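Structure at a glance
What follows is the residue order along each chain.
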Amino acid sequence: AQSVTQLGSHVSVSEGALVLLRCNYSSSVPPYLFWYVQYPNQGLQLLLKYTSAATLVKGINGFEAEFKKSETSFHLTKPSAHMSDAAEYFCAVKRNFGNEKLTFGTGTRLTIIP
Amino acid sequence: DAGITQSPRYKITETGRQVTLMCHQTWSHSYMFWYRQDLGHGLRLIYYSAAADITDKGEVPDGYVVSRSKTENFPLTLESATRSQTSVYFCASIIDRGPYEQYFGPGTRLTVT
C-alpha cells in the first residue's frame, strides 16, 4: 500500500519569497508521484509529475520538485511566489504497475502575503 | 468542447432521496474514477472503472453505486442520501496504465439536508 504525507495544512509566504511545500511518500514499490493544484471552485490541475526519468522535475507556472528516494520525499518549490499561486496543493502517489489508483495527501493551502 | 464534464455542478437534496451525479469524458480514456473531497481528508476514492462494464471499489464505497455501460460515461448514484455524503465530488479519467496523470472534472457540490 502507498501513502502520502503533506506537512503543513496551511503555508503562508510573502510575495516574491520562496515557496516550499513538503510531501513525503510511502510505497513498497517504485512510485509515480504527482503534484496537483486546485483553485477555488475548480477541479484539480496537474502541476508536474515524476515518472522515474529525471529526479528534478519542472512543471507549469515556475514550479519544480525533486524526487529524493533516500528521503522518500517529493517537495514542491518555486523561487518567487506570485499572488496567483494562492491555491490548494495536493501531492499524490501511485504504483508504477498494477491498477491506476492515486493516493492523495490531505492538501496544503498556500496563502500569499502582499 | 473536448474534456471531462460533470453535471449538475450544484445539487441540494434531502436525506433518503436517490441522486445521480453524471460524468462524461470525450477522450475515450480507459480508466475513470470518482472521488469525494472533504476538509481534512483530501480526496478519497469512492469507485473506479478500468473499462466499460468493469468497476471496483475504492476507499469509501459504502452508500454509493456506479455503472459504466459506455466508455465515456461513469455515473455515480447515492441510493439513499445521508448528511455524511455532503461533499464535493470529482470525476477523473486517465488514458491507460502507465506514467500518465489523471484529468479531473470541475466537480459537483452536493448538499444533503
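Given the structure is predicted, the values throughout are model-derived calculations rather than measurements.

Inspection of the entire model under this criterion finds 16 aromatic pairs over all chains. Measuring from centroid to centroid gives 6.3 Å for Tyr31 of chain B and Phe33 of chain B, while their planes differ by 15°, and the two rings are stacked. Exposure class is identical for Tyr31 of chain B and Phe33 of chain B. Each is buried. Seen in terms of ring centroids, Phe33 of chain B and Tyr35 of chain B are 6.2 Å apart; in terms of plane orientation they differ by 25°. Their pairing is stacked. The pair Phe33 of chain B / Tyr35 of chain B is uniform in exposure class, with both members buried. Three or more aromatic residues link up through ring pairs in this structure, and these residues are Phe34, Tyr36, Phe90 and Phe104 of chain A together with Tyr31, Phe33, Tyr35, Tyr48 and Phe104 of chain B.

Mapped onto the fold, Gln42 of chain A is located in the loop between β4 (31-38) and β5 (44-50). The residues contacting Gln42 of chain A, other than those within four sequence positions of it, are Phe90 and Pro106 of chain B.

Attention now moves to the nonpolar core. Residues and elements named next belong to chain A. Counting residues in each nonpolar core, the largest one holds 27 residues, and the members touching the most others are Trp35, Leu48, Leu76 and Tyr89. Broken down by secondary-structure element, the contributors of at least two residues to this core are β2 (10-14), β3 (19-26), β4, β5, β7 (64-68), β8 (73-78), β9 (87-95) and β11 (108-113). If sequence neighbours within four positions are ignored, Leu76 has contacts with Val19, Leu20, Leu21, Trp35, Leu47, Leu48, Phe63, Glu64, Ala65 and Tyr89.

The next subject is the interface of chain A and chain B. At the junction of the two partners, chain A supplies 21 residues and chain B supplies 24 residues. Between chain A and chain B the total buried area reaches about 1,800 Å² when both faces are included, carbon and sulfur atoms providing 56% of it. Three residues stand out in chain A for area buried against chain B, namely Glu100, Lys101 and Phe104 of chain A, and they jointly supply 29% of the buried area on that side. Among the ionic pairs, Lys49 of chain A bridges to Glu101 of chain B, the shortest N-O distance being 2.7 Å. Taken together, the connections running from chain A to chain B amount to four residue pairs in polar contact (both at pLDDT 80 or more). Listing elements by their share of the side of chain A that touches chain B, those giving two or more residues are β4, β5 and β9 of chain A. In terms of residue count, the dominant contributor to the side of chain A that touches chain B is β4 of chain A (four residues). Among the residues making up the side of chain A that touches chain B, the classes are represented as eight nonpolar, nine polar and four charged.

All names here are of chain B. With respect to the helices and strands, Gly63 occurs in the loop between β6 (54-57) and β7 (64-66). Linking Gly63 and Glu79, residues 16 residues apart in sequence, is a C-alpha distance of 6.5 Å. Setting aside its immediate chain neighbours within four residues, Gly63 contacts Thr77, Leu78, Glu79 and Gln85.

The subject of this paragraph is the sheet that holds strand β3 (residues 19-25) of chain B. Residue and element names in this part refer to chain B. What the four strands build is an open sheet, ordered β1-β3-β8-β7; its pairing is antiparallel. Both edges of this open sheet fall to β1 (4-7) and β7, since each of them pairs with a single strand only. The mean inter-strand angle of the sheet, taken between neighbouring strand axes irrespective of direction, is 20°. Taken together, the three bridges between β3 and strand β8 (residues 76-78) define a ladder with antiparallel strand orientation. Bridge pairing links Val19 to Leu78 in β8.

Reading the values: rules and limits
- Residues numbered from 1 in each chain as written.
- Chains lettered and ligands numbered in written order.
- Predicted model: local features only at pLDDT ≥ 70, side-chain atom pairs only at ≥ 80, totals over all residues.
- Heavy atoms only, no water.
- Phe/Tyr/Trp six-rings, centres within 6.5 Å; stacked < 30°, edge-to-face > 60°.
- Buried < 20%, exposed > 50% of the residue type's maximum accessible area, 1.4 Å probe, protein only.
- Helix = DSSP H or I, 4+ residues; strand = E, 2+ residues; numbered from the N terminus.
- Contact = heavy atoms within 4.5 Å.
- Core = buried A, V, L, I, M, F, W, Y, C linked by side-chain atoms within 4.5 Å.
- Buried area = accessible area lost by both parts, 1.4 Å probe.
- Salt bridge = Lys/Arg side-chain N within 4 Å of Asp/Glu carboxyl O.
- Polar contact = N/O pair within 3.5 Å; in protein donor to acceptor, adjacent residues only side chain to side chain.
- Nonpolar A, V, L, I, M, F, W, Y, C, P; charged D, E, K, R; others polar.
- Pairing = 2+ DSSP bridges.
- Axes fitted to C-alpha atoms, helices over the stretch in contact; angles between N-to-C directions.

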